[in-house]
Amino acid sequence: MISIKNKSNIFLNETLTIKPDYLNHPFVSGNKLRKLKYNLLIAKQLNYSVLLTFGGAYSNHIAAVAAAGHEFGFKTIGVIRGDELSAKISENPTLTFAKNQGMEFYFISRETYKEKTTETFIDALKIKFGDFYLIPEGGTNNLAVKGCEEILTRDDNSFDYICCPVGTGGTISGLINSSNNSQKILGFPSLKGDFLREEIGKFAQNKHWDLIQDYHLGGYAKINTDLISFINWFKATYHIPLDPIYTGKMMFGIFDLLKQGYFPKGSKILAIHTGGLQGIEGMNKILRRKNSPIINLD
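Residues numbered from 1 in each chain as written. Predicted model: local features only at pLDDT ≥ 70, side-chain atom pairs only at ≥ 80, totals over all residues. Heavy atoms only, no water.

**Structural notes on the overall build of the protein**
Phase 1 of the analysis: A count of helices and strands for the protein gives eleven helices and ten strands.
Phase 2 of the analysis: Compactness check: the protein gives a C-alpha radius of gyration of 19 Å against a globular reference of 19 Å for 298 residues, within 12% of the reference.
Phase 3 of the analysis: When the 298 residues of the protein are sorted by exposure, 53% land in the buried category.
Phase 4 of the analysis: As presented, the protein carries roughly 13800 Å² of accessible surface, and 48% of it is formed by carbon and sulfur atoms. (Helix = DSSP H or I, 4+ residues; strand = E, 2+ residues; numbered from the N terminus. Rg over C-alpha atoms; globule rule 2.2 N^0.38 Å. Buried < 20%, exposed > 50% of the residue type's maximum accessible area, 1.4 Å probe, protein only. Areas by Shrake-Rupley, 256 points an atom, 1.4 Å probe, with all protein chains shown as cover.)

See below:
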């Protein structure tokens, strides 16, 4: 039912290599396909026909679930944070894409959105929409972690450090579980705060990991001109696109740590490119409104 295309690692230099997992699918790409793989299989086995999930205006997860539903035969419902967005779908590239993939939206206020995991709220959704297979915001659950455990292959055993962006913690948890004890897993959070350690601890079975929390730039979707310049330089130099929320911050951090001598001499580093590229267009719209430099898509 689900075919994941694995692409060869991209060698940048004797220290740093990229695993281009974002090339595993044209729309449900990178870690989103990994997270959804076993959830979709279980949903089919249990005879669910509807997937329901949560996300914000430019959510990679919302776009991925909509595309997966379209490809694999599910109706999809997206509970969207921000009721004001209901009148702005056509102005939003992510929501426009999801709508074109057949997703039905349910817009709620930011205050109500905070209740999305409560039993009362979920019961109200069941009354409104009927039976559905629930996928959490960001897609992280035990099945998602199982899928992310398949990112690494035997060819990756030679790396000393494995780096990945961190959103809800599912991807790094899978990498921790499937890596060797001799390897160090480094996560680069896109969100501000230390709460992620507890979240990752719910899924990760090993202890050889850490979070590098110096590159979130103030929090989720917070960026600056230095990051944009780096992303554009990286694309021009290596011909690999980076998004500004996840992979851009990770690579920015890795290059900065290399300059600082953080990694021992002779270390071999593997950076996981998890995707997220669909969000660039939306970010550029915001940057244009601010008369700020934009991310080069050419």
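**A look at the pairing of strand E5 (residues 104-108)**
Taken residue by residue, a regular strand's side chains alternate between the two faces of the sheet.
Phase 1 of the analysis: Alignment of strand E4 (residues 75-81) against E5, held across five bridges, turns out to be parallel. From the neighbouring strand, Ile80 faces E5, where its bridge partner is Phe107.
Phase 2 of the analysis: Assessed by its sense of winding, the connection that carries the chain from E4 through helix H3 (residues 93-100) to E5 is right-handed. (Pairing = 2+ DSSP bridges. Right-handed = clockwise from strand over helix to strand, strands pointing away.)

**Observations concerning the environment of Glu137**
Phase 1 of the analysis: Looking at the secondary structure, you find Glu137 in the loop between strand E6 (133-134) and helix H6 (142-148).
Phase 2 of the analysis: Using a relative accessible area of 29% as the deciding quantity, one classes Glu137 as partly exposed.
Phase 3 of the analysis: Distance in space between the C-alpha atoms of Glu137 and Asp160 is 31 Å, their sequence separation being 23 residues.
Phase 4 of the analysis: Apart from the residues within four sequence positions on either side, Glu137 is in contact with Thr53, Phe54, Gly55, His61, Arg81, Tyr113, Lys116 and Thr168.
Phase 5 of the analysis: A distance of 3.5 Å separates the side chain of Glu137 from the side chain of Arg81, its partner in a polar contact. (Contact = heavy atoms within 4.5 Å. Polar contact = N/O pair within 3.5 Å; in protein donor to acceptor, adjacent residues only side chain to side chain.)

**Topic: the sheet that holds strand E10 (residues 269-272)**
Phase 1 of the analysis: Strand order in the open sheet formed by six strands is E1-E2-E10-E7-E8-E9, and the pairing between neighbours is mixed. One side of each edge strand has no neighbouring strand; the edge strands of this open sheet are strand E1 (10-11) and strand E9 (209-211).
Phase 2 of the analysis: Two elements, E1 and strand E2 (residues 16-19), share two bridges in a ladder whose sense is antiparallel. Looking across to E2, one finds that Ile10 is bridged to Ile18.
Phase 3 of the analysis: Against the sheet, helix H7 (residues 170-178) touches strand E7 (161-166), strand E8 (184-189), E9 and E10, its axis set at about 175° to E8. (Axes fitted to C-alpha atoms, helices over the stretch in contact; angles between N-to-C directions.)

**Focus on the sheet that holds E4**
Phase 1 of the analysis: Strands sit in the order E5-E4-E3-E6 across an open sheet of four strands; the sheet is parallel. Where the open sheet ends on each side, the last strands, each with one partner, are E5 and E6.
Phase 2 of the analysis: Here strand E3 (residues 50-55) runs beside E4; their pairing, made up of six bridges, is parallel. Of the residues in E4, the one forming a bridge with Gly55 is Ile80.
Phase 3 of the analysis: Strands E3 and E4 of the sheet are contacted by helix H2 (residues 60-72), whose axis makes an angle of about 165° with E3.

**Digging into the packing of H2 against H3**
Phase 1 of the analysis: Between H2 and H3, the least distance of the axes is 8 Å, while the angle of their chain directions is 15°. Between H2 and H3, the crossing angle belongs to the class labelled roughly parallel. Taken as a pair, H2 and H3 cross one another with a handedness that is left-handed. Each of Ile62, Ala63, Ala66 and Ala67 in H2 lies in contact with H3, whose residues at this interface are Thr94, Phe97 and Ala98.
Phase 2 of the analysis: Its residues assigned to classes, the contact of H2 with H3 shows six nonpolar, one polar and no charged. (Parallel < 35°, antiparallel > 145°, perpendicular 65-115°, else oblique. Left-handed = near helix turned anticlockwise from the far one by under 90°. Nonpolar A, V, L, I, M, F, W, Y, C, P; charged D, E, K, R; others polar.)

**Focus: the pairing of E8**
Phase 1 of the analysis: Burial analysis of E8 places five of its six residues in the buried class, which makes it a mostly covered element.
Phase 2 of the analysis: Pairing between E7 and E8: six bridges, direction parallel. When the bridges of E8 are listed, Val166 appears paired with Pro189.
Phase 3 of the analysis: Taking the sense of rotation as the criterion, the β-α-β connection linking E7, H7 and E8 turns out right-handed.
Phase 4 of the analysis: Where E8 and E9 come together, three bridges link them in parallel fashion.

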